[in-house]
Amino acid sequence: MDLLALADFNLVARHGGFGRAARAAGRPKATLSRRVAELEASLDLRLFERGARKLVLTEEGRALFQRTGLLLSELEETAAAIAFGGEKPRGRLRISAPLLFSQTAMGKIAAGFALRYPEVRLEVTTEDRAVDMVEEGFDLVIRVNPDPDETLVGRAFLRDRLVIVAPPGLARPAGDLAVPAVVRTAGDQRSWDVMDANGRSTIRIAPVLALSSLVMVRDAVRAGVGAACLPVSLVSQDLADGSLVHWGDIDGPDIALWTLYPSKRLLSARVSAFLDHLKQAFPNGTPDELAGYIGK
């Protein structure tokens with residue numbers, strides 16, 4: 001297989017068209033079109049559906065792009081590292097991170113990384129959805145309790161746990177009474193299963209506010225609206241100074257933050273450097289470390 005033709009195919013697939021790819025690479029559009037046609041002929045496959053206004057990958061083209069795009073990037077990075085005389089991190093690093101972690105910690109993490117590796121152009125996108133790393137061009141994603149994915153590898157670098165907190169003046173209800181609660185969404189949740197010194201119990205809730213951000217939920221609880229279920233790292237200082245009280249921990253699995261990436265093979269110097277940076281920020285990965293980081 002012609003690697004140069006394969007590289008041109010990936011260039012066109014990444015930019016979504018011959019014209020955009022030609023402008024981005026400073027290459028003639030006709031040359032890219034010819035090279036992709038030659039690759040299709042050598043493989044005896046149609047890689048693009050060519051419409052009047054739109055170029056769309058076929059199923060075979062999508063599979064080829066997903067399997068070869070990262071490999072070609074790794075080869076380019078390896079060659080560049082050798083040419084520059086080492087594996088010094090440089091170039092663009094695109095990361096997708098969840099909302100709460102981005103709001104509370106990612107700014108400081110990104111700033112520290114930028115100061116340490118000035119030749120890396122770090123771009124962080126904040127979103128809670130499961131992005132497609134290959135199609136959307138991310139080098140690394142941070143996710144909360146991700147579903148298993150055989151195409152990705154990674155590790156949990158930080159753990160947290162959910163607790164029930166309330167303003168000091170709000171009494172924990174007895175029996176079947178419901179407590180005013182601030183919830184993250186307008187879902188159907190009507191109770192919390194709680195573990196405390198007395199064992200497991202259920203607290204019925206009557207949502208009075210439904211907010212999309214856990215930071216907003218915390219602020220509403222601080223204002224005295226009602227109780228809430230929140231990560232302990234987000235309210236550690238409030239519990240320590242008595243501005244909120246702890247009613248117990250949620251009876252369920254801990255929160256785990258994972259770093260995920262497509263392959264350990266030829267892992268880029270940029271990704272390796274960022275993973276090391278996270279490890280230094282959270283050496284033990286405990287909720288107390290995250291709380292301390294947020295409170296700095």
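Above this text sits the structure in question.
Residues numbered from 1 in each chain as written. Predicted model: local features only at pLDDT ≥ 70, side-chain atom pairs only at ≥ 80, totals over all residues. Heavy atoms only, no water.

A. Here's a closer look at the side chain of Ser-96. Within the element layout of this structure, Ser-96 appears in strand S3 (residues 91-97). Excluding residues that lie within four positions of it along the chain, Ser-96 makes contacts with Thr-125, Glu-127, Val-131, Phe-138, Leu-140, Val-141, Ile-142 and Arg-143. (Helix = DSSP H or I, 4+ residues; strand = E, 2+ residues; numbered from the N terminus. Contact = heavy atoms within 4.5 Å.)

B. Structural view of the sheet that holds strand S12 (residues 245-250). Taking strand neighbours across the sheet as the criterion, the six strands line up as S8-S10-S9-S12-S7-S11 in an open arrangement whose pairing is mixed. Pairing within the sheet leaves two strands with one partner each, and these edge strands are strand S8 (178-183) and strand S11 (228-231). Ignoring strand direction, the axes of neighbouring strands in this sheet form an average angle of 50 degrees. As defined by bridge partners, strand S7 (residues 162-166) adjoins S11 across four bridges and the pair is classed as antiparallel. Note that in S11 the partner of Val-163 across the bridge is Leu-230. Against the sheet, helix H8 (residues 232-241) touches S7, S11 and S12, its axis set at about 105 degrees to S11. (Pairing = 2+ DSSP bridges. Axes fitted to C-alpha atoms, helices over the stretch in contact; angles between N-to-C directions.)

C. Seen up close, the pairing of strand S13 (residues 255-261). The buried count for S13 comes to six of seven residues, which makes it a mostly enclosed element. Judged from the four bridges that link them, strand S5 (residues 140-144) and S13 form a sheet pairing that is antiparallel. In the sheet register, Ile-142 faces S13, and the bridge partner there is Thr-259. Pairing between strand S6 (residues 153-160) and S13: seven bridges, direction antiparallel. Considered in S13, the bridge of Asp-160 is made with Ile-255. (Buried < 20%, exposed > 50% of the residue type's maximum accessible area, 1.4 Å probe, protein only.)

D. Expanded view of helix H3 (residues 29-43). A rise of 1.5 Å per residue sets the reference length of H3, with its 15 residues, at 21 Å; its end C-alpha atoms lie 21 Å apart and thus fit the reference within 8%. Asp-44 sits one or two positions beyond H3 and adopts a positive phi of about 55 degrees. (Expected span 1.5 Å × (residues − 1).)

E. Region of the structure containing the side chain of Asp-160. Following the sequence through the fold, Asp-160 ends up in strand S6. Buried within the structure, Asp-160 lacks any salt-bridge partner; Arg-161 is the closest side chain of opposite charge, at an N-O distance of 6.1 Å. At a separation of 2.4 Å, a polar atom in the side chain of Asp-160 contacts the side chain of Ser-233. With residues up to four places along the chain from it excluded, the contact list for Asp-160 reads Pro-231, Val-232, Ser-233, Asp-254, Ile-255, Pro-287 and Leu-290. (Lys, Arg positive; Asp, Glu negative; His and termini not counted. Salt bridge = Lys/Arg side-chain N within 4 Å of Asp/Glu carboxyl O. Polar contact = N/O pair within 3.5 Å; in protein donor to acceptor, adjacent residues only side chain to side chain.)

F. Up close: the pairing of strand S4 (residues 120-126). Here S3 pairs with S4 via seven bridges, running parallel. By the bridge assignment for S4, Leu-93 is matched with Leu-122. Crossover connection from S3 via helix H5 (residues 99-116) to parallel S4: handedness right-handed. (Right-handed = clockwise from strand over helix to strand, strands pointing away.)

G. Spatial organisation of the nonpolar core. The biggest cluster of nonpolar side chains holds 25 residues, and the ones touching the most others in it are Phe-101, Ile-109, Ile-142, Phe-157, Phe-274 and Phe-282. Elements represented by at least two residues in this core include exactly S3, H5, S5, S6, S13, helix H9 (269-281) and helix H10 (287-294). In contact with Phe-101, other than residues within four places in its own chain, are Met-106, Ile-109, Ile-142, Phe-157, Leu-158, Leu-257, Phe-282 and Leu-290. Ala-13, Leu-32, Phe-48 and Leu-64 belong to the second-largest nonpolar core, a separate cluster that totals 19 residues. (Core = buried A, V, L, I, M, F, W, Y, C linked by side-chain atoms within 4.5 Å.)

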